[in-house]
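For reference, the chains in residue letters:
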Amino acid sequence: MTDTLALKRTRRQKSQRFYTLLLGLTMLGLATALVLNALEDSIVFFYSPSDLRARNISPEQRIRVGGLVELGSWKTAESKTAHEFTVTDGKNKINAIFNGILPDLFREGQGVIAEGRLKNERLFIAEEVLAKHDEKYMPREVADALKKSGHWNENAGSDGNPKETK
Amino acid sequence: MIVELGHFTLILAFVFSVTQAAFGFTGAAAQRIDWINAAKIAALVQFLFTTLAFAALTYAYVTSDFSVRNVFENSHTLKPLIYKISGVWGNHEGSMLLWVLVLALFGAAVARFGGNLPSTLRARVLGVQALIGIAFLTFILATSNPFERIVPAPADGQGLNPLLQDPGLALHPPILYVGYVGFSVAFSFAIAALIEGNIDASWARWVRPWTLLAWSFLTGGIALGSWWAYYELGWGGWWYWDPVENASLMPWLVGTALLHSSIVVEKRNSLKSWTILLSILTFALSLIGTFLVRSGVLTSVHTFATDPDRGVFILAILCLAIGGGLALYAWRAPHLKGGRLFQPISREGGVLLNNLLLTTAAATVFLGTVYPLVLEVFNGSKISVGPPYFNATFVPLMAPLVAAVAVGPLLGWKRGDIAGALSRLKATALTAIIVFIFVAWTAGQNSVWAALGIFLAVWLAGGVLTELARKIGLSRKSPMESWRRLMRIPRSSWGMSLAHFGLAVFIIGATGLSFWKEEKIVLMQVSETAEIKDYRVTFNGVRDQKGPNYIARQAVFTIQHKDKEKFSMTAEKRRYPVSQQETTEAGIKSGWLEDLYIVIGTNDEKNGQTVRIYLMPLVGWVWMGVLIMVFGGLLSLTDRRFRIGVPERQKIAGPSPAE
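Sequence order as written defines residue numbering, which begins from 1 separately in each chain. For this description, chains carry letters from A and ligands carry numbers from 1, given in the order in which they are written. For a predicted model such as this one, the threshold for reporting local features is a pLDDT of at least 70, and the threshold for listing and counting side-chain atom pairs is 80 or more; totals across whole chains, interfaces and linings nevertheless cover every residue.

Before going further, it helps to examine the overall build of chain B. Here a helix means four or more residues in a row that DSSP labels H or I, a strand means two or more in a row labelled E, and each is numbered from the N terminus. Along the backbone of chain B there are 20 helices and 10 strands. Taking 26 Å as the expected radius of gyration for a compact globule of 659 residues, we find that chain B reaches 27 Å, a close match to that expectation. By principal-axis analysis of the C-alpha atoms, chain B measures approximately 85 × 75 × 55 Å. The burial tally for chain B puts 53% of its 659 residues in the buried class. Here, residue contact means that the backbone-derived C-beta atoms of the two residues sit within 7 Å. The contacts in chain B between residues at least 6 apart in sequence include a share of 75% that link residues at least 24 apart. As defined in this context, the radius of gyration uses C-alpha atoms, and a globule is described by 2.2 Å times the residue total to the power 0.38. Exposure criterion: with C-beta atoms placed from backbone coordinates, a residue whose C-beta has 20 or more other C-beta atoms within 10 Å is buried, one with 12 or fewer is exposed, and one in between is partly exposed.

Now the structure itself:
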């Protein structure tokens, strides 16, 4: 009697495990599908102005461009609420236009990352401007890009040490 | 002198945590009650010394003792007192000290209030807790000593990052840490249970209050951070899928799964080894969260001075805790006795579905957060994974979960009646569908998706009410009887209903803000008027205002909303001379249905003032929903079950009869 009961229990336990496993695998499959689908069209690549020159990037692709805001390049555009500035990595540069309120840490001569799309080879339409600084006033991506183009100055912007953004 | 004492007591705390671990483990192994008691006392003493060390650092901050490097780098005499105090944890060293303090607090709480725990289990829990303490105290003492002096002492400090000088953010770290570190108790219980090779319903009953407490605080801490981002960063949003936000969301998701699965262990003695695994994973993700935001892997406001040594150290702690925990799990979990059985359609099945969806969602968030870091290491390309990824993975996984939350509590334990549960939800379904059609019809763009969000919220809220009505026998019993039953519903049950209801409220807010936000950027001259929906915003000019340690440029607006009375609003840019930094203070007029939100940008004489005006629909519901959830968690915590009559460990652990 106890034997049959125990057997019944084992069988039930197996079927319970089977259901759990099935559910788990379904979930995993679903998640994989979602992730693959999402990764394909929601990754945003980061480029320096030199990268933009070297590669042919379609205007449809959403990208991030980073470098220094060139000294003397920041001005108000014709539409008045828009800002124009030039992003440079020392070797190459690209003009950017942004309609909106710039972050508090946006300054000429300092690091910037802009997200948006290329209008043409010379103009970048920024939809978002990030001021992702650490205490050295320099986004990590921008620092690396400058190092690559050979225009990295170890002491650039290291006086004063505010930090911004989450 | 006091600072040196602080350093000294911190070393003593380290010594006592070593003592605690040694006595805890050996006492449990040798079954020596005197050793076990020694571990208990060590836990209390360790907490005392950690508190003294923390108090010493706070003292240095309050008295602006700039001969302490940490104070010099993060404080300033002009700062208001509250930010001098919050400056203690507004930096790497101090925040680590806070982390250890909370850890010691939880250890002491287990020692003090765990009177009804089996003595060996308590000793082992204290032992594991002490091991975590040893790791982090070593880290602080070796790489991040907050008590370091500088000679000669500078005249004044460098000031705290102005963004952190905010009441919401002053409280955010301590509350979040109680959440993060609170899960260490669940972790310690899990490891202790694996060592003992025994886990049963009473184990879950001991673990549950700690998990609930940690969960409530983590929820509150995340909400506080998000609220701060909303009003302080001036970007017009409340959640950006930023890696540092994800770092706190991951332990929340898995912790929520743990909260539910531990109920199944408690009530049904099932899903045991899964619950152990969740305990380990939740704390692992808490540690990963600490690592991600503190090590400098991610650039953010949370990243304090980066130092490669520290990153490697935290990584080592991470590997030890997670690797050790999982290895122990792999070794011991198969020996745990199988739990009771249940049908796929049952309350247990519902919790299992909840758990799988939550952990899968946590996995997708993890992937999206870590993938850019990994990719950069492998081929050097720099990418960012932003909101579109999370909207396409996280949301589709959460939607079925929310739909299921309405049904789950209506199912019986062991074998549920899905047809019965669904037929009870007829009225709810009807209401939800009507609302769906109404919203889809009236709401213009994106209306189908927005309507779907509102539909889910109504469905969930209806499910919660239906379950309550069933519990009190509404319309089946006399009103008097229903009332009596309503009064007798245990607090933990109220807690569940409230938390689920809060989720519904939250979804309404999140949906509204995602789909119906309006924004406008205008250039305004004095006395010019801009319109957004039915608000008329008139710009009255700017004035300078002096704060305690900043100078504000304040723009004043008069707002006319329909025929209501006019009111005025101000939006500011604050300039902190000490750090040469500006911050934004958005002007916000909160309402039940929408917030009017104004941020100012540059101002030049010729063109005028740049003004960004947002209309944020239903944003208040986001915070309100989270508040209800936190309240539900805390209410559940006061359930008498958790305070009195915690049963002795079950004597018979043999298999229950098959049916």
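Next up on the list: the confidence of the model for chain A. Averaged over all residues, the pLDDT of chain A is 76; the fraction at 70 or higher stands at 80%. Considering only residues more than four positions removed or in separate chains, one finds that residues 155-166 of chain A, a stretch of pLDDT under 50, has 34 contacts. Known as pLDDT, the predictor's per-residue confidence is scaled from 0 to 100.

In a soluble, globular protein the nonpolar side chains are often hidden away together inside. The term nonpolar core refers to a set of buried Ala, Val, Leu, Ile, Met, Phe, Trp, Tyr and Cys residues connected through C-beta atoms within 7 Å. By size, the foremost hydrophobic cluster in this structure holds 210 residues, and its most contacted members are Val100, Ala186, Val254 and Leu460 of chain B. For Val100 of chain B, the residues in contact, after removing those within four places along its chain, are Thr50, Gly133, Phe136, Leu137 and Ile140 of chain B. Ranked by size, the runner-up nonpolar core spans 25 residues in total, among them Val87, Ile94, Leu105 and Phe124 of chain A.

Let us look at helix α9 (residues 243-268) of chain B. All names here are of chain B. Taking 1.5 Å per residue as the helical rise, α9 with its 26 residues ought to reach 38 Å, and the 37 Å between its terminal C-alpha atoms agrees with that figure. Most of α9 is tucked away, with 24 of its 26 residues classed as buried. In the stretch just after α9, Asn269 is the one whose phi turns positive, near 55 degrees. A helix is expected to span 1.5 Å multiplied by its residue count minus one.

Let us now look at the sheet that holds strand β7 (residues 581-585) of chain B. Residue and element names in this part refer to chain B. Two strands form a pair only when DSSP identifies at least two bridges running between them. Spatially, β3-β4-β5-β6-β7 is the arrangement adopted by the 5 strands of the open sheet, whose pairing is antiparallel. Each end of this open sheet is capped by a strand with a single partner; those strands are β3 (529-532) and β7. Taken over all neighbouring pairs, the strand axes of this sheet differ in orientation by 30 degrees on average, direction set aside. As judged from the 4 bridges shared by β3 and strand β4 (residues 535-546), these two strands associate in the antiparallel manner. The residue bridging Ile532 from the neighbouring strand is Tyr535, located in β4. To obtain each axis, a line is fitted to C-alpha atoms, and for helices this fit is confined to the stretch in contact; angles are then taken between N-to-C directions over 0 to 180 degrees.

Right, let's get into the packing of helix α12 (residues 347-379) of chain B against helix α13 (residues 387-407) of chain B. All names here are of chain B. At a closest axis distance of 10 Å, the pairing of α12 and α13 adopts a crossing angle of 165 degrees. It follows that α12 is roughly antiparallel to α13 by the angle criterion. Between α12 and α13 the crossing geometry is left-handed. Each of Gly350, Leu353, Asn354, Leu357, Leu358, Thr360, Ala361, Thr364, Val365 and Gly368 in α12 lies in contact with α13, whose residues at this interface are Tyr389, Phe390, Thr393, Phe394, Leu397, Met398, Pro400, Leu401, Ala404 and Val407. Each angle gets one of four labels, with under 35 degrees taken as roughly parallel, over 145 as roughly antiparallel, 65 to 115 as roughly perpendicular, and the rest as oblique. Left-handed describes a crossing whose near helix is turned anticlockwise from the far helix through less than a right angle; right-handed describes the clockwise counterpart.

Residue and element names in this part refer to chain B. Remark: helix α2 (residues 33-62) packs on helix α5 (residues 92-113), axes separated minimally by 8 Å, with the N-to-C direction vectors making an angle of 150 degrees. In terms of orientation, α2 lies roughly antiparallel with respect to α5. Considering only the axes of α2 and α5, their crossing is left-handed. Together, Lys40, Ala43, Leu44, Gln46, Phe47, Thr50, Thr51, Ala53, Phe54 and Leu57 of α2 and Gly94, Leu97, Val100, Leu101, Ala104, Leu105, Gly107, Ala108, Ala111 and Arg112 of α5 make up the contact between the two elements.

Residue and element names in this part refer to chain B. Of all 10 residues in strand β10 (residues 608-617), 9 are buried, a share of seventy percent or more. Across 7 bridges, strand β2 (residues 518-524) lies against β10 in antiparallel orientation. Along β10, the bridge assignment pairs Glu519 with Tyr614.

In this section: unusual backbone geometry. Residue and element names in this part refer to chain B. Residue Pro152 is reached from Val151 by a cis peptide bond, and omega for that bond is -10 degrees. Inspection of the secondary structure puts Pro152 in the loop between α6 (119-143) and α7 (167-196). The phi dihedral of Leu618 falls on the positive side, at around 60 degrees, and the residue is not glycine. Inspection of the secondary structure assignment puts Leu618 in the loop between β10 and α19 (619-637). Overall, the presence of 24 C-beta atoms within 10 Å leaves Leu618 in the buried class.

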